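Here is how the chains run, residue by residue.
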Amino acid sequence: QLQASGGGLVQAGESLRLSCAVSGRDLNFNGMAWYRQGPGQQREWVTSITSGGATNYRDSVKGRFTISRGSAKNTGYLQMNDLKPEDTAVYYCKAMITKLARPVAEYWGQGTLVTVSS
């Protein structure tokens with residue numbers, strides 16, 4: 001029901017855009033968050049967006065990453081610019097899924113790997 005995509009291998013300074021799409025009849029999402037887990041590290045929160053569009057970012061990505069939602073509101077995006085080797089991680093999206101605008105449950109998408117070479 002929650003599908004993350006867009007990861008890949010890039011060089012430092014380059015950009016990637018991750019997508020997180022909700023699939024299913026009458027399904028959408030309210031808030032969404034992105035987390036990441038680097039090699040040998042614990043999963044950490046990266047950024048989130050509320051149903052009203054308010055955003056928050058961890059300090060290390062401020063000014064480089066932008067979270068947004070598509071006009072259809074069933075897809076969220078994470079635009080990552082000026083990527084650094086320390087951004088290398090598996091990125092996960094998490095969202096509160098709604099059905100006909102009613103909250104159903106919070107889901108995690110499968111991870112998508114981002115590798116940044118120096």
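Refer to the structure printed above.
Residues numbered from 1 in each chain as written. Predicted model: local features only at pLDDT ≥ 70, side-chain atom pairs only at ≥ 80, totals over all residues. Heavy atoms only, no water.

**Topic: the sheet that holds strand 8 (residues 75-80)**
The strand order across the open sheet formed by 4 strands is 1-3-8-7, and the pairing between neighbours is antiparallel. Pairing within the sheet leaves two strands with one partner each, and these edge strands are strand 1 (2-5) and strand 7 (65-69). Across the sheet, the axes of successive neighbouring strands diverge by a mean angle of 15°, strand direction being ignored. Taken together, the 6 bridges between strand 3 (residues 16-22) and strand 8 define a ladder with antiparallel strand orientation. In the sheet register, Leu-16 faces strand 8, and the bridge partner there is Met-80. (Pairing = 2+ DSSP bridges. Helix = DSSP H or I, 4+ residues; strand = E, 2+ residues; numbered from the N terminus. Axes fitted to C-alpha atoms, helices over the stretch in contact; angles between N-to-C directions.)

**Considering the nonpolar core**
Generally speaking, soluble globular proteins have nonpolar side chains that are buried together. Ranked by size, the top nonpolar core spans 27 residues in total, and within it Trp-34, Phe-65, Leu-78, Met-80 and Tyr-91 carry the most contacts. Broken down by secondary-structure element, the contributors of at least two residues to this core are strand 1, strand 3, strand 4 (27-37), strand 5 (44-49), strand 7, strand 8, strand 9 (89-99) and strand 11 (112-117). In terms of residues, this core owes the most to one element, strand 9, which gives 5 residues. Ignoring anything within four residues of it in the chain, the contact list for Phe-65 reads Arg-36, Val-46, Tyr-57, Leu-78, Gln-79, Met-80, Asn-81, Leu-83, Asp-87 and Tyr-91. (Core = buried A, V, L, I, M, F, W, Y, C linked by side-chain atoms within 4.5 Å. Buried < 20%, exposed > 50% of the residue type's maximum accessible area, 1.4 Å probe, protein only. Contact = heavy atoms within 4.5 Å.)

**As for the pairing of strand 10 (residues 102-108)**
With 6 bridges joining them, strand 9 and strand 10 adopt antiparallel strand pairing. Bridge pairing in strand 10 places Ile-97 opposite Ala-105. Connecting the antiparallel pair strand 9 and strand 10 is a turn made up of 2 residues, with Leu-100 showing a positive phi of about 50°.

**What about the state of the cysteines?**
The final tally for this structure, using the stated rule, is 1 disulfide. Here Cys-20 pairs with Cys-93 through a disulfide, and the sulfurs are 2.0 Å apart. Between Cys-20 and Cys-93 the sulfur-sulfur dihedral comes to about 70°; the bridge is accordingly right-handed. With Cys-20 in strand 3 and Cys-93 in strand 9, this residue pair connects regions lying 73 residues apart in the sequence. (Disulfide = S-S within 2.5 Å.)

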